[in-house]
Every structure is written in structure tokens, then in C-alpha cells.
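Structural features, examined
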Amino acid sequence: MSNLDPENWDDYRQQAHALLDACIDRLASAREHPWQPLPEAVRASYALDGMARGEGALAVELAESVLPHGTGNTHPRFWGWVHGTGLASGVMAEMVAATMNANLGGRAHGAVEIERAVIEWTRGVMGFPEGASGVFVTGTSQATVIALASARVAVMPEVRARGQGAVPLTAYAGAGAHNAARKAMELLGMGHDALRLIPEGPQGMDLHALAQRIEADRDAGRQPFAVIGTAGSVDLGRFDDLNALADLARAQGLWLHIDGAFGAWTRLAGAPWRRLSDGIGRADSLACDFHKWMFVPYDCGLVLIRDEAAHRAAFAARPAYLAAQSAGLGGGEPWFCDYGVDLSRGNRALKAWSAISRAWG
Ligand SMILES: *Cc1c(COP(=O)(O)O)cnc(C)c1O
């Protein structure tokens, strides 16, 4: 073999067409395929143990040994609470994304503009102001880290250079808030004890208890910096009163982040569901997942940040090898690598764009 291309493009084409047919057959017949345990022999066949590998056509192995053994969530009777079912449009989008092999970290190319278009559409749906920024991420877990890191830099600009030290920052969330908030606090070095869990009623966080807790922390010399509201809790489907939370956050001078992993999409629903997320556009940051109630194939999450400058302040870093150019492939500012942890980024936005452009275009 003289290079990394298939030895014979005609053979590759034939295999790939057969595999695409197998994928479409699988999607079309999802009703006949509930989840099943992975047979031991199939599991054993996955091992990459040298000489045993590389036999036979890849397309056949993918179709026969890999394709049938998913999580069962593509079945139309899969009624997962938050887990999306995937969309046929995702197969087309992922095929094109793999072919383009674009790095969405930045630079001037079409894939970046697709991501911008989806962020712009979502910004409008959620009622965020023009100029708000966003970046696609794996999901709400990563989005929460990015949002809280931005919130912290907003109150502690020196944290990137010197770390948080002993400054006792505190954040607040309802007792039913997703574990992602806790993990984000741990990853950012604040520790999850600094995330105060506030008792909840049917209308979400008890705002009186929240105000009291903030006051008690201030009295004890701590520095409250963020409130995390929930639009659709993962266990009970609870929504905080987002307008009331936005009022409280503004009065207290706190950053309001909203976990809208699945529930943010009530913005697209009619009455009475839409009003559950009223006020969501007043947040400073929002996490939502296209892989949940938007049914886009995994993984596909998004973080929106109201103040682009705060977002950039938390993540922008451009060494010489990433210097921007005024024209050509090195142009295309702003670059998504300045909005999050990742420099190299895949094309998650294309599968979201493919879904939205045909459903809501
Ligand atoms: C799924 C979910 C998360 C975590 O999001 P990932 O996309 O799995 O990272 C956080 N909060 C809520 C409410 C969720 O449903």
C-alpha cells in the first residue's frame, strides 16, 4: 500500500453504498429492534489483538457486528425522559462531516459558518440578545463548566493567571439540580461544598430560602457569584421560575446560569409548555442539548453566553502558531477555540443544522 487511501476506490464505493443501505434499513426497521444484550462472542470480536484484525470488508463488519448493538433509543417506542431518539438527517450530516474532516476550532471555512448559523438560530429561539456568543460542546456537562468559568472570570479577572486561591466563591442551585453543576464546581477547583443546594417546591427553588442563604454566606465573608436555575430537572422535570430567578440574580449582582439541557426546548412548544421556560432569555448563560428533545444524534450540546466579552475573557488565548490573519484560511474571526476548552473540534453543528433547516427552516 503506497498511501492511506483505499486500495481501490471502486471497491470502497461499493462497500460504502452497501453500508449506507444497511444503516437506512436499520433506521427504517427500528421497531423490530429493541435493545438486546451484547452477545459475548461479538464483544470478544471487538478486541484489537493484532493478527486477528483486518480480515474481510470493514463495511460488512460494521454492518453486522457493530450497527445492531446500540442503546435501543432509536426505537419509536423508546420513551426516555430526556434521551433523544436520533434523526435520519443525522446520518447524512455525519457522513458529510466525516468527509469534510473540518476542525471547528477556528479559521475561515464553511463548517464554521454552519455552526454560527445554528448558534444564531438558537440565540433567537431562547431570546438572548444580539451579540451573545455560543459554542457547541459535548453536552450540558461541558457547557456548565464553560458557563461557570465565564461567570468566575467576570468577578475575578485574575483567576486565569493566579488561580482562585482562598477566595471563597459560592454558587446556588435547587436541590434537584443536575450533578453536572456539582462536577463543574469540582473541576473549577471550587469544590462542590461551595454549591449551595436550596430546597425546592413544585415551582422549583424556594426563593426565600435562596435569598437567606446568599445573605448568610455574605455575612460569613463568602462571595456569592452565581445562581444556577433549572429548566427541566432530570428527575422530576421541574422548572424554576426563571423570571423570578432573573430578578433575584440582578438584585443580588449574581450571574444567572440556566441548565436547560432538555427543557430549554419548551421555547419551541405551544401553550401550556412554552411558558415553563419564560424568562430564559434573561439568563447570563444557558446550557442546552440538541441530543435530547431536539432528537439530534449524540453528542450535541450548546452553551450560550449573554456577554461575548465575558465569554472570551474566560477562554481566549492565541499563541503565535494560532495567530489570526486578515484574509485566507487564517481569517474568520471570532474563532471557537476562544470560547471553550477545545482547540480541535468536530462538526457537531452540522447535524443540528440539518435537523433544524428541514423542520423549522
Ligand atoms: C442530560 C442533562 C445534563 C447533562 O448533560 P449532558 O449532555 O449529558 O452532558 C444536565 N442537566 C440536565 C437537566 C440534563 O437532563
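Here the structure is a predicted model, which is why all the values come from computation and not from measurement. For every chain, the first residue of its written sequence is number 1, and the numbers climb from 1 along that sequence. Under the rules for a predicted model, residues below a pLDDT of 70 receive no local features and side-chain atom pairs below 80 are neither given nor counted, while totals for whole chains, interfaces and linings still include all residues. Based on all heavy atoms of the structure, the side-chain values leave hydrogens and waters out of the count.

Re the pairing of strand E8 (residues 285-289)
Going by this rule: Accessible area is worked out with a 1.4 Å probe on protein chains only. A residue is then buried under 20% of its type maximum, exposed over 50%, and partly exposed in between. Each helix is a run of H or I in the DSSP string that is no shorter than four residues. Each strand is a run of E no shorter than two, and both are numbered from the N terminus. The rule for pairing is simple: two strands pair if DSSP sees at least two bridges between them.
Where burial is concerned, most of E8 is hidden: five out of the five residues are buried. Side-chain alternation along E8 places Ser285, Ala287 and Asp289 on one buried face and Leu286 and Cys288 on a second face that is also buried. With five bridges connecting them, E8 and strand E9 (residues 301-305) associate as antiparallel partners. The residue bridging Cys288 from the neighbouring strand is Leu302, located in E9.

Focus on helix H6 (residues 140-155)
Residues three or four positions apart in an α-helix share a direction because the helix packs 3.6 residues into each turn. Our working rule: Multiplying one less than the number of residues by 1.5 Å gives the expected span of a helix.
Over its 16 residues, H6 extends 23 Å from the first C-alpha to the last, a length consistent with the 22 Å expected when each residue adds 1.5 Å. Within H6, 13 of the 16 residues are buried, which leaves the element mostly enclosed by the surrounding structure.

Topic: the domain arrangement of the chain
Basically, it comes down to this: Domain delimitation follows an automatic or database domain assignment.
Domain annotation of the chain identifies domain 1 (9-78) and domain 2 (100-359). Each of domain 1 and domain 2 has a C-alpha centre, and the two are 35 Å apart.

Comments concerning the site of the ligand
For clarity, the threshold we go by: What makes a residue near a molecule or strand is one non-hydrogen atom of that residue sitting within 4 Å of it. Distance and chemistry together define a polar contact, namely a pair of N or O atoms within 3.5 Å, with one atom able to donate a hydrogen and the other to accept it when in protein, and with adjacent residues in sequence counting only for side-chain atoms on both sides. Only the protein chains shown count as cover for residues, and all accessible areas are computed by the Shrake-Rupley method using a 1.4 Å probe. Gly falls in the polar group here, along with every residue not listed as nonpolar (Ala, Val, Leu, Ile, Met, Phe, Trp, Tyr, Cys, Pro) or charged (Asp, Glu, Lys, Arg).
All residues in the neighbourhood of the ligand are listed as Gly139, Thr140, Ser141, His178, Gly232, Val234, Asp259, Ala261, Phe262, Asp289, His291 and Lys292. At a separation of 3.1 Å, an oxygen atom of the ligand approaches a polar backbone atom of Thr140. Between the ligand and Ser141, the relevant distance is 2.6 Å, taken from an oxygen atom to a side-chain nitrogen or oxygen of the residue. The fraction of the free accessible surface of the ligand (380 Å²) that becomes covered by protein chains is 86%. In the shell around the ligand, the residues fall into three nonpolar, six polar and three charged.

Re the pairing of strand E1 (residues 133-137)
Of all five residues in E1, five are buried; the element is thus mostly enclosed. Of the two faces of E1, both are covered, the one formed by Ser133, Val135 and Val137 as well as the one formed by Gly134 and Phe136. For E1 and E9, the ladder comprises five bridges, and the chain directions are antiparallel. Bridge assignment links Ser133 to a residue of E9, and that residue is Ile305.

Some words on the environment of Met126
For the record, the criterion: Only heavy atoms enter the contact rule, under which two residues are in contact if any of them lie within 4.5 Å.
Among the secondary structure elements, Met126 is positioned in helix H5 (residues 110-126). It is 27 Å that separates the C-alpha atoms of Met126 and Val91, two residues lying 35 residues apart in sequence. With near-sequence residues (within four places) excluded, Met126 lies in contact with Ala264, Trp265, Arg267, Ile280, Gly281, Leu286 and Leu304.

Notes on the sheet that holds strand E7 (residues 255-259)
Where we set the bar: Simply put, an axis is a line fit to the C-alpha atoms, just over the touching stretch for a helix, and the angle between two N-to-C directions goes from 0 to 180 degrees.
Taken in spatial order, the seven strands line up as E1-E9-E8-E7-E6-E2-E3 in an open sheet, and their pairing is mixed. The sheet is open, and its two edges are formed by E1 and strand E3 (195-198), each paired on a single side. The average undirected angle you get between the axes of adjacent strands in this sheet is 20°. Of the strands in this sheet, strand E2 (169-174), E3 and strand E6 (223-230) touch helix H8 (residues 179-187), which is tilted by about 160° from E3.

What to know about the side chain of Ser233
Here Ser233 shows up in the loop between E6 and helix H10 (242-252). Among the residues examined, Ser233 registers a relative accessible area of 3% and is labelled buried. Side-chain polar atoms of Ser233 contact the side chain of Asp235, separated by 3.2 Å. In contact with Ser233, not counting residues within four places along its chain, are Trp81, Gly176, Arg238 and Phe262.

Observations concerning the pattern of salt bridges
Note the following rule: Any carboxyl oxygen of Asp or Glu within 4 Å of a side-chain nitrogen of Lys or Arg constitutes a salt bridge here.
Applying the stated criterion across every chain yields a total of 14 salt bridges. Here Asp278 ties to Arg267 by a salt bridge, and the two come within 3.0 Å at their closest N and O atoms. With Asp278 in the loop between E7 and E8 and Arg267 in the loop between E7 and E8, the pair connects residues that are eleven residues apart, well separated along the chain. When its relative accessible area of 33% is taken as the criterion, Asp278 is described as partly exposed. Since its relative accessible area comes to 11%, Arg267 is described here as buried. Look at the salt bridges and you will find they share partners, linking Arg196, Asp217 and Arg222 into a network.

Section: the packing of aromatic side chains
Stated precisely, the cut-off is as follows: Put simply, two rings from Phe, Tyr or Trp (the six-membered ring, in Trp's case) pair if the centres are within 6.5 Å, and we call them stacked under 30 degrees between planes, edge-to-face over 60, tilted for the rest. In this scheme, the term charge over a ring applies when either NZ of a lysine or CZ of an arginine sits within 6 Å of the ring centre and within 35 degrees of the ring normal.
According to the stated counting rule, one finds six aromatic pairs in the structure shown. Judged by centre distance (5.6 Å) and plane angle (80°), the rings of Trp9 and Tyr12 are edge-to-face. On the criterion of helical spacing, the pair formed by Trp9 and Tyr12 is a turn pair, its members being three residues apart in helix H1 (residues 9-28). On the basis of an interplanar angle of 65° and a centroid distance of 4.8 Å, the ring pair of Phe262 and Trp293 is categorised as edge-to-face. Placement of Phe262 in the loop between E7 and E8 and of Trp293 in the loop between E8 and E9 is noted, with a sequence separation of 31 residues between them. Through pairs of rings, three or more aromatic residues link up here, namely Trp121, Phe136, Trp265 and Phe290. Lying across the ring of Phe128, Arg306 places its NZ or CZ 5.6 Å from the centre.

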